[in-house]
Amino acid sequence: MLRAQNLHIQRGRKTVLAGVDLLLNPGEVLGVLGPNGAGKSTLLAGLCGELRPSQGQVWLDDRPLAHWQGAERARRLAVLPQSSTLDFAFRVEEVVGMGRLPHQSGRLRDEQIVAAALQAADAAHLHGRSYLALSGGERQRVHLARVLAQLWPGETGQTLLLDEPTSMLDPLHQHTILQAVREFTSRGAAVLVILHDLNLAARYCDRLLLLASGRPVALDTPRQVLRPEPLKAVFGLDVLVQDHPERGHPLIIAR
Amino acid sequence: MTALVKPRTLFIGLGLLCLLATWLSLALGPVSLPLLDTLRAALRLLGLPVAADGLEQAELILGQIRLPRTLLGLAVGGVLALSGVAMQGLFRNPLADPGLVGVSSGAALGAAFAIVAGSTLGGLPEAFGPYVLSLCAFLGGLGVTALVYRLGRRNGQTHVATMLLAGIALTALSGSAVGLFTYLADDATLRTLTFWNLGSLNGASYARLWPLLLVSAGVALWLPRRARQLNALLLGESEAAHLGVNVEALKRELVFCTALGVGAAVAAAGMIGFVGLVVPHLVRLVAGPDHRVLLPASVLAGASLLLLADLVARLALAPAELPIGIVTAFIGAPFFLYLLVRGRA
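Residues numbered from 1 in each chain as written. Chains lettered and ligands numbered in written order. Predicted model: local features only at pLDDT ≥ 70, side-chain atom pairs only at ≥ 80, totals over all residues.

### With respect to the overall build of chain B
For clarity, the threshold we go by: Numbering of helices and strands runs from the N terminus; a helix is a DSSP stretch of H or I covering at least four residues, while a strand is a stretch of E covering at least two. Here the globule rule is a power law, 2.2 Å times the number of residues to the power 0.38, and the radius of gyration is based on C-alpha atoms. With C-beta atoms placed from the backbone, a residue is labelled by how many other C-beta atoms lie within 10 Å of its own: buried for 20 or more, exposed for 12 or fewer, partly exposed between the two. Once C-beta atoms are placed from the backbone, any two residues with those atoms within 7 Å are in contact.
Counting its secondary structure elements, chain B contains 14 helices and two strands. Compactness check: chain B gives a C-alpha radius of gyration of 20 Å against a globular reference of 20 Å for 345 residues, within 12% of the reference. Counting over 345 residues, chain B shows a buried share of 51%. Intrachain contacts of chain B at a sequence separation of at least 6 include 75% that bridge at least 24 residues.

### Describing the sheet that holds strand 2 (residues 14-23) of chain A
As a reminder, the rule being used: In this description, strands pair whenever DSSP reports at least two bridges between them.
Spatially, the four strands line up as an open sheet ordered 2-1-4-5 (chain A), and their pairing is antiparallel. At either end of the open sheet lies a strand with only one pairing partner, and these are strand 2 and strand 5 (63-64) of chain A.

### What to know about the sheet that holds strand 3 (residues 29-33) of chain A
Residues and elements named next belong to chain A. Here is the rule we go by: Between N-to-C directions, angles span 0 to 180 degrees; the directions come from axes that are lines fitted to C-alpha atoms, helices contributing only their stretch in contact.
Pairing in this open sheet of six strands is mixed, and the strands run 6-7-8-3-9-10 from one edge to the other. Edge positions in the sheet fall to strand 6 (77-80) and strand 10 (215-220), since each of these pairs with one other strand and no more. Taken over all neighbouring pairs, the strand axes of this sheet differ in orientation by 15° on average, direction set aside. Examined bridge by bridge, strand 3 and strand 8 (residues 190-194) share four bridges and lie parallel to one another. Paired with V29 across the bridge in strand 8 is V191. Across the sheet, helix 6 (residues 171-185) lies against strand 3 and strand 8, angled at about 155° from strand 8, the strand it touches most.

### What about the interface of chain B and chain A?
How we decide: Put simply, Ala, Val, Leu, Ile, Met, Phe, Trp, Tyr, Cys and Pro go in the nonpolar bin, Asp, Glu, Lys and Arg in the charged bin, and everything else, Gly too, in the polar bin.
With 21 residues of chain B at the interface, the matching set in chain A holds 23 residues. When contributions to the side of chain B that touches chain A are tallied by element, the ones reaching two or more residues are helix 9 (227-233) and helix 10 (237-242) of chain B. Its residues assigned to classes, the side of chain B that touches chain A shows eight nonpolar, nine polar and four charged.

### Some words on the environment of A:V217
All names here are of chain A. Inspection of the secondary structure puts V217 in strand 10. A count of 16 C-beta atoms within 10 Å places V217 in the partly exposed class. Considering only alpha carbons, one finds V217 and I113, 104 residues apart in sequence, at a separation of 39 Å. Setting aside chain neighbours within four positions, we find V217 in contact with L210, L211, A212, P230 and V234.

### So, unusual backbone geometry
Here the bond from A:W152 into A:P153 is cis, since omega is 0°, no more than 30 degrees from zero. One can find A:P153 in the loop between helix 5 (136-151) and strand 7 (159-163). Its identity as a non-glycine residue notwithstanding, A:S213 has a phi of 50°, on the positive side. In this structure, A:S213 sits in the loop between strand 9 (207-212) and strand 10. Of note, the phi angle at B:F274 is positive, near 75°, even though the residue is not glycine. As for its position among the elements, B:F274 is in the loop between helix 11 (247-269) and helix 12 (275-287).

### Structural notes on the packing of helix 3 (residues 56-90) of chain B against helix 13 (residues 291-315) of chain B
All names here are of chain B. Formally: In this scheme, roughly parallel covers angles under 35 degrees and roughly antiparallel covers those over 145, while 65 to 115 is roughly perpendicular and the rest are oblique. Should the near helix be turned anticlockwise from the far one by less than a right angle, the crossing is termed left-handed; should it be turned clockwise, right-handed.
Across the interface, helix 3 lies against helix 13 with an axial gap of 7 Å and an inter-helix angle of 140°. When the axis of helix 3 is compared with that of helix 13, the two are oblique. The two elements helix 3 and helix 13 meet at a crossing, and its hand is right-handed. Of helix 13, the residues touching helix 3 (which contributes T70, G73, L74, V76, G77, G78, L80, A81, L82, V85 and G89) are H291, L294, L295, S298, V299, A301, G302, A303, L305, L306, L307 and D310. Tallied by class, the residues present in the contact of helix 3 with helix 13 amount to 14 nonpolar, eight polar and one charged.

### Some remarks on the pairing of strand 7 of chain A
Residue and element names in this part refer to chain A. Most of strand 7 sits inside the fold, with five of its five residues counted as buried. A two-sided burial pattern is seen for strand 7, the buried positions comprising T159, L161 and D163 on one face and L160 and L162 on the other. The pairing of strand 6 with strand 7 spans four bridges and is classified as parallel. Each residue of the ladder has a partner; that of L80, found in strand 7, is L162. As paired strands, strand 7 and strand 8 are joined by five bridges and run parallel to one another. Pairing of L162 across the sheet is with V193, part of strand 8.

### Details of helix 1 (residues 7-27) of chain B
All names here are of chain B. Which entries qualify depends on this criterion: A helix is expected to span 1.5 Å multiplied by its residue count minus one.
Here helix 1 contains 21 residues, and its C-alpha end-to-end distance of 30 Å stays within 8% of the 30 Å for a straight helix at 1.5 Å per residue. Buried within helix 1 are the following residues: L10, L14, C18, A21, T22, S25, L26 and A27. Contacts made by the buried residues of helix 1 are with helix 2 (35-45), helix 3, helix 12 and helix 13. Within two residues after helix 1, G29 carries a phi angle of roughly 160°, on the positive side.

### So, the nonpolar core
As a reminder of what qualifies: By convention the nonpolar core is taken to be a set of buried residues drawn from Ala, Val, Leu, Ile, Met, Phe, Trp, Tyr and Cys and joined through C-beta atoms within 7 Å.
The biggest cluster of nonpolar side chains holds 189 residues, and the ones touching the most others in it are A:A117, A:A145 and A:L148. At 16 residues, helix 3 of chain B tops the list of elements feeding residues into this core. When sequence neighbours within four positions are dropped, the list of residues in contact with A:L148 reads A:A117, A:A120, A:A121 and A:F184.

Just distances and angles here, no functional claims.
And the structure:
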């Protein structure tokens with residue numbers, strides 16, 4: 001389980017993230033919302049050890065994150081960055097297979113897992129294609145399949161960090177991909193996902209963290225966080241909040 | 001351009017190509033030997049019981065001249081191609097060249113120093129000449145690469161973009177120093193210097209061969225162990241770290257292997273360009289970018305192609321001999337341009 005305790009992060013001399021306390025529960029999807037430059041990606045970089053905290057600590061299970069060995073950590077914590085650059089003509093299943101690097105599960109098992117992860121990311125039909133021939137959205141789904149394969153099948157104690165996994169996807173795939181992420185957590189893994197779409201966050205997240213200028217403003221259920229007052233305060237956006245007529249979750253409409 | 005050929009087919013094909021190139025390299029030259037005699041003499045040299053009748057001349061030529069030259073070609077070609085793969089992985093760019101980290105220019109500087117200073121001081125006994133030259137070239141390559149690597153480091157991290165720029169600057173600086181040595185050289189040393197800069201497998205001897213063979217074997221055994229990490233590195237340094245790769249250690253190993261490998265190759269055979277750039281590229285076109293196949297296949301392809309280039313160098317103007325660097329550049333540079341133009345289209 002991943003836990004942040006009073007996390008502060010500096011870039012140069014500027015404190016870009018301050019006072020974040022966070023515990024990712026097994027099986028939960030936690031969404032991170034906030035305007036551009038609010039510190040969402042910095043938080044993610046701090047949670048995966050890419051940036052060192054200037055104050056506070058990140059824990060993976062009972063040990064500080066920095067005390068974990070590379071491969072041992074990679075078996076419990078996977079990260080999907082906003083965008084990846086890969087200029088070599090790997091086949092799709094080879095890219096997804098890179099997710100199996102920290103494991104010694106054997107070629108046969110790896111192939112099964114790669115196929116299952118591609119299926120989960122709705123990218124099974126891309127099997128055999130060259131990565132360079134894919135569109136931006138298809139590449140994003142292949143990388144999602146890669147991080148799913150890294151933790152597959154996903155169990156309690158494992159954590160997946162996703163930085164805007166839907167940014168390049170068409171409307172249908174925004175839903176199928178977040179649905180796939182939800183299904184992945186049903187086996188016990190925890191997910192932290194940075195999102196920009198408030199309605200996607202309302203529908204697919206169990207809890208939401210609202211960030212503004214590097215500070216946590218709210219950490220609660222979507223119904224508590226997605227109210228007109230905090231949204232006005234953080235995004236400067238006037239909204240109406242209604243209930244989704246069929247599903248009941250909050251529906252955010254700009255005025 | 002994903003894999004067109006299955007790895008097993010590729011390795012069988014490249015293995016046969018390598019054997020064929022070796023056979024031809026042993027047989028052809030100013031004195032061409034019948035192919036069958038070459039084979040029998042080679043088998044005898046390997047200690048197999050083959051009748052010796054009429055093979056004395058073949059055995060002498062093979063043992064004294066052709067075999068060390070062929071082994072030199074195999075090792076130089078293999079290790080240059082491997083270093084090319086390592087650098088293209090490190091810089092995550094399929095058009096990177098081993099020379100980028102300054103190892104070739106450093107070696108050239110070391111060699112120029114040895115050639116010019118050696119002859120100016122005139123103090124070196126004849127027998128040590130070649131060894132001093134090789135040693136200076138090797139140390140020059142290692143030294144400049146170490147400096148480039150140091151300049152690329154900040155806060156415990158290696159910035160490959162900074163390394164690239166430092167490599168360009170130090171290459172220019174080494175070039176000016178080589179220019180100064182050239183200016184100071186007299187006519188005889190100038191000729192040695194020029195020929196060294198063009199590369200040659202001529203004059204190979206077992207004594208100069210062993211260090212290179214050891215280094216090549218070490219690099220060729222070590223790098224394939226890092227194949228999957230290299231694949232992950234192509235995703236990006238932070239992605240590789242998320243996959244559990246110790247990225248700093250990997251980068252250090254890649255630079256060290258390249259400095260060692262190219263340094264030893266240049267020390268033994270002079271400057272031979274474009275092998276490290278073009279060979280990995282050719283292999284990728286045929287077999288895809290997976291380093292588990294690319295690394296061993298590049299060794300075989302690099303070794304074969306260098307032997308074939310050496311055959312051209314030996315036979316094109318026989319009995320005179322072209323420097324092999326001219327041949328590799330003459331074939332490699334247009335191919336590189338073709339890749340550039342095709343990539344843009």
